[in-house]
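One-letter residues, chain by chain:
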Amino acid sequence: MTRRLLPLPFLLAFALAHAQSERVAYTCDDGSRFAAEFMTGGAGRPQVTLFLAGGEITLPLVPAASGALYRDGDVRLHTKGPDAIFEDGKSPLRRCTSGEPPPPAAPAPAPSTASSFVAIAGSVDFLPGGTLPPDAVLIVRIQDTSRAGAPALRLAEQRIELAGRAAPIPFQVIVDRDLIGPRARVTAAGRIESRGKLLYISDTATPAIVDRKPVPVDLKLVPVDLRKR
């Protein structure tokens, strides 16, 4: 079996971000804490071991647009300087820091203490159009639509398994601040899919960042069949 090696710049970025073996304590906006030990695994691949209240889990380093991203399935840790985003696929996404505890998620941070990440939150509503399949998934995408005549540039997305949940559905998507250019037009769009089939979609792109600050987003989805009539 041929082993796929990570590109040299990728490994150098990891080496600059963390020492060969380093343990960092994080405090999150929900009051939880965990430790992360960054190291090189037995196969020579960078990884992080998270020490959580319920045990520990090891995540491999994967390519990222910026910062360092460790991921295994739905569990991911995205670090950038002292800031980190942790998601386990079960609990709400957590904004964490290795310095002073971050402020609660509700108030917007002051410009002088802006995080490396931007939290965009809101809700999704959709018109009743029959019973959704049990495996229906809501996808909220944050994108840059500033390029005229070009496809929207996807910055981040959140996937939510509906499993019979009633609208409106709350969401929060975390965007890497470095991905937002000075002329970016950051908007949000939503869709509901089932096994790759599109069922609902948003008619318009809704502003998500205005004057460089995130704003509440309310998305309205309509059935695809209704749009075709």
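Each value, and the rule that gives it
Residues numbered from 1 in each chain as written. Predicted model: local features only at pLDDT ≥ 70, side-chain atom pairs only at ≥ 80, totals over all residues. Heavy atoms only, no water. Helix = DSSP H or I, 4+ residues; strand = E, 2+ residues; numbered from the N terminus. Buried < 20%, exposed > 50% of the residue type's maximum accessible area, 1.4 Å probe, protein only. Areas by Shrake-Rupley, 256 points an atom, 1.4 Å probe, with all protein chains shown as cover. Phe/Tyr/Trp six-rings, centres within 6.5 Å; stacked < 30°, edge-to-face > 60°. pLDDT = per-residue confidence, 0-100. Contact = heavy atoms within 4.5 Å. Pairing = 2+ DSSP bridges. Axes fitted to C-alpha atoms, helices over the stretch in contact; angles between N-to-C directions. Core = buried A, V, L, I, M, F, W, Y, C linked by side-chain atoms within 4.5 Å. Salt bridge = Lys/Arg side-chain N within 4 Å of Asp/Glu carboxyl O.

J.: Help me out: how do you make sense of the overall build of the chain in this one?
T.: The number of helices and strands found in the chain is two helices and 18 strands. Every one of the 229 residues in the chain was classed for burial, and the buried ones make up 41%. Accessible surface computed for the chain: about 13,400 Å², of which carbon and sulfur atoms make up 54%.

J.: Can you walk me through the packing of aromatic side chains in this structure?
T.: For any two aromatic rings, the description comes down to two numbers: the centre-to-centre distance and the angle of the planes. This structure, assessed with the given rule, holds four aromatic pairs. Geometrically, the ring pair formed by Phe34 and Phe86 is tilted, given 5.4 Å between the ring centres and 40 degrees between the ring planes. Taken together, the positions of Phe34 in strand β2 (residues 33–40) and Phe86 in strand β7 (residues 83–87) put the pair 52 residues apart, joining distant regions of the chain. For the pair Phe34 and Phe86, a shared accessibility class is recorded, and that class is buried. A centroid spacing of 5.5 Å and a plane angle of 55 degrees characterise the contact between Phe38 and Tyr70, whose relative ring orientation is tilted. On the criterion of sequence distance, the pair formed by Phe38 in strand β2 and Tyr70 in strand β5 (residues 68–72) is long-range, its members being 32 residues apart.

J.: I tried to follow the confidence of the model for the chain on my own but got confused; where do I start?
T.: Considering every residue of the chain, the mean pLDDT works out to 80; 81% of them sit at 70 or more. Here residues 1–19 is modelled with pLDDT under 50, and outside its nearest four sequence neighbours on either side it reaches 18 contacts, counting other chains as well. When the criterion is pLDDT under 50, residues 104–113 qualifies, and its contacts beyond four places in sequence or with other chains add up to two contacts.

J.: Looking at this structure, how should I read the sheet that holds strand β1 (residues 22–28)?
T.: The pairing of strands in a sheet happens through backbone hydrogen bonds and is either parallel or antiparallel. The strand order β1-β2-β3-β4-β5-β6-β7-β8 describes a closed barrel built from eight strands, whose pairing is antiparallel. Across this sheet, the average inter-strand angle for adjacent strands is 30 degrees, counted without regard to direction.

J.: Any chance you could explain the nonpolar core here in plain terms?
T.: Within soluble globular proteins, side chains that are nonpolar tend to cluster in buried spots. Within the largest apolar cluster, 27 residues are counted, with the highest numbers of intra-cluster contacts made by Ile120, Leu138, Ile142, Val186 and Ile192. Those elements giving two or more residues to this core turn out to be β9 (117–126), β10 (137–144), β11 (153–161), β12 (169–176), β13 (186–194), β14 (197–202) and β18 (217–223). When neighbours within four sequence positions are excluded, Leu138 is seen to be in contact with Val124, Gln158, Arg159, Ile160, Leu162, Ile169, Arg191, Ile192 and Leu221. Judged by nonpolar contacts, the second largest core, of 17 residues, contains Cys28, Phe38, Val75 and Cys96.

J.: Help me understand the pairing of β7 in this model?
T.: On any regular strand, side chains alternate: one points to one face of the sheet, the next to the other face. Of all five residues that make up β7, four are buried, and the element is covered over most of its length. Relative to β7, strand β6 (residues 75–80) runs antiparallel, the two being bridged by five bridges. Along β7, the bridge assignment pairs Arg76 with Glu87. Between the antiparallel neighbours β6 and β7 lie two residues, among them Gly81 with a positive phi of about 60 degrees. Relative to strand β8 (residues 94–97), β7 is paired through four bridges, and the arrangement is antiparallel. Opposite Phe86, over in β8, you have Arg94 as the bridge partner. The antiparallel hairpin formed by β7 and β8 contains six residues in its connecting segment, where Gly89 sits at a positive phi of about 80 degrees.

J.: Mind showing me how you'd approach the pattern of salt bridges here?
T.: Side chains that differ in sign of charge can pair as their charged atoms come close. Under the defined criterion, the tally for this structure stands at twelve salt bridges. The closest approach of N and O atoms between Glu157 and Arg159, which form a salt bridge, is 3.6 Å. Overlapping salt bridges bring together Arg141, Arg154, Glu157 and Arg159 as one network.

J.: Hey, could you run me through the side chain of Ser202 in this one?
T.: With respect to the secondary-structure elements, Ser202 resides in strand β14. Under the relative-accessibility criterion, Ser202 is labelled buried at 10%.

J.: Where do I start with the environment of Thr206 in this structure?
T.: Position of Thr206 relative to the elements: it lies in strand β15 (residues 206–207). You can call Thr206 buried: its relative accessible area is 19%. Residues Thr206 and Ala188, spaced 18 residues apart in sequence, show a C-alpha to C-alpha distance of 5.2 Å. Sequence-distant contacts of Thr206, that is, excluding residues within four places in its chain, are made with Val186, Thr187, Ala188, Val217, Asp218 and Leu219.

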